[in-house]
Amino acid sequence: MTVFKAFLKVLNRYKGTVILYTVILVFFAGFSLKNNENGTSFVASKPSILIVNHDQEEGITQNLVQYIEKNSEQVNIKDGEYAEDDAIFYRDANYIIYIPKNFRDDFLQGKNPSIDIKSTGDYQASLAEMLLNRYLRVANFYFKITNSEEETIQLTENTLAEQVEINVTSKLDVNRLEKVATYYNFTNYCILAGCIYIVCFILSSFKEYGVKKRTIISSTPYAKLNRNLLLSNSLFAIALWIFYVLISIFLIGDVMFSMHGLFYIINSFLFTLCALTFAFLIGNLLQNKNAISGLVNVIALGSSFLCGSFVPMEWLPSSVLTIAHTLPSYWYIKTNECLKIVEVFDMETLKPILFNMGILLCFSIVFVLITNIISSRKRKIG
């Protein structure tokens, strides 16, 4: 109990650091979630097309114009090449179609007349080009078969009017799961930095000369002191983890109560244990308090940048990801990324997720073993 009271006293001295990392998490995670919400929505739109018709508006020419007008937004621009070029330059029109003189006559004679265009080159212009080519391809096909303008127009209209029925077979809420992954990826930095900073400062406080002398002459065995410190720091790490989970429920909502949310929570718990054991290892190696702050920035920030916490994994070079394999953060974030695309939880889909979680447990065990070896040697030297 005496050790725990001393632990709380030291922890109270550094409570500002915990609050700081929490504020950073809420601010940046909230900002990322807002950007994610605005960036993943899609609104279908029609391309803006200007039709410059130099032919008589009848027959196949008229039908072509009607089809383009029906499937696009028409643009009203003054006649003249200068005004048309300005419309393309300022994106007032995505596509300009120049129907040549005698287009209808040449088409009916099987000459396959060419149509000049001007394009902005963006995706809307590509859609406009697809509309034009689709009409011409279908009309040419039917005219070769029927050799009749009237029948060609009728068959072309019937073909182009057909719609493909789309059945949505996946009920995966990708947008919301992307938010969960974004939040928990960012907690990599806050959990790692918080655990290393607090645990290292607490351990270094108990290693101060005066405190260490009083500990040696006290009736508390060294092994019991270490167990109490480990338990106290574990309670702090678990409390920090629970706090961050509650924040995720507040920011993201009821998706955290689904199977996806449960696995995100479990994964973050395993990473918290890994961060705790890693912090204990560093705390046993370090004696200088001034070095702790610098080490926190190197480890926490370095891991976050290398492993995809701040920058998505798919944007990172393969050489960086190769190095990241040696860090626990990589396996934690990789699990988060896997979870957001899982539709059905079965052994096949859970294999890579459980494998990554197993790697985190292995890291924790290795950190504990190394810490015990270092502590044993220090006791012998002492």
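Before reading on, note that the structure itself is shown above.
Residues numbered from 1 in each chain as written. Predicted model: local features only at pLDDT ≥ 70, side-chain atom pairs only at ≥ 80, totals over all residues. Heavy atoms only, no water.

Enquirer: It is not clear to me how helix H4 (residues 81-89) should be interpreted in this structure. Could you clarify?
Expert: Where H4 is concerned, the buried positions are Ala 83, Glu 84, Ala 87 and Ile 88. Buried residues in H4, looked at end-on, bunch into an arc of 140°, giving them a common side. In H4, the exposed positions that point more than 90 degrees away from the buried face belong to Glu 81, Tyr 82 and Phe 89. Where H4 is buried, its residues touch strand E1 (48-53), strand E3 (95-99) and strand E4 (116-119). Just beyond H4, the residue with positive phi is Arg 91, at close to 60°. (Buried < 20%, exposed > 50% of the residue type's maximum accessible area, 1.4 Å probe, protein only. Helix = DSSP H or I, 4+ residues; strand = E, 2+ residues; numbered from the N terminus. Arc of directions from axis to C-beta. Contact = heavy atoms within 4.5 Å.)

Enquirer: Teacher, can you tell me more about the environment of Phe 89 here?
Expert: Within the secondary structure, Phe 89 sits in helix H4. Its relative accessible area of 59% is what places Phe 89 among the exposed residues. Between the alpha carbons of Phe 89 and Ser 119 there is a distance of 9.4 Å; along the sequence they are 30 residues apart.

Enquirer: Would you explain the pairing of E1 in this entry?
Expert: Residues in a regular strand point their side chains to alternate faces of the sheet. Among the six residues in E1, five count as buried, and that is most of the element. The pairing of E1 with strand E2 (residues 73-74) spans two bridges and is classified as parallel. Bridging from a neighbouring strand, Ser 48 pairs with Glu 73 of E2. Considered for its hand, the β-α-β crossover made up of E1, helix H3 (residues 59-70) and E2 is right-handed. Two strands pair when backbone bridges link them, and E1 and E3 are joined in this way by five bridges, in the parallel orientation. Residue pairing in the sheet places Asn 53 in a bridge with Ile 99 of E3. (Pairing = 2+ DSSP bridges. Right-handed = clockwise from strand over helix to strand, strands pointing away.)

Enquirer: Looking at this structure, how should I read the environment of Cys 190?
Expert: Position of Cys 190 among the secondary structure elements: in helix H8 (residues 174-206). Of the residues examined, Cys 190 reaches a relative accessible area of 0% and is grouped as buried. The sequence separation of Cys 190 and Leu 20 amounts to 170 residues, and the corresponding C-alpha distance is 9.5 Å.

Enquirer: Explain the packing of H3 against helix H6 (residues 123-146) here, please?
Expert: Angle between the axes and distance between the axes are the two parameters that describe a pair of packed helices. With their axes 10 Å apart at the nearest point, H3 and H6 run at an angle of 145° to one another. Crossing handedness for the pair H3 and H6: right-handed. Where H3 approaches H6, its residues Ile 60, Asn 63, Leu 64, Tyr 67 and Ile 68 are matched on the opposing element by Leu 131, Leu 132, Arg 134, Tyr 135 and Ala 139. (Axes fitted to C-alpha atoms, helices over the stretch in contact; angles between N-to-C directions. Left-handed = near helix turned anticlockwise from the far one by under 90°.)

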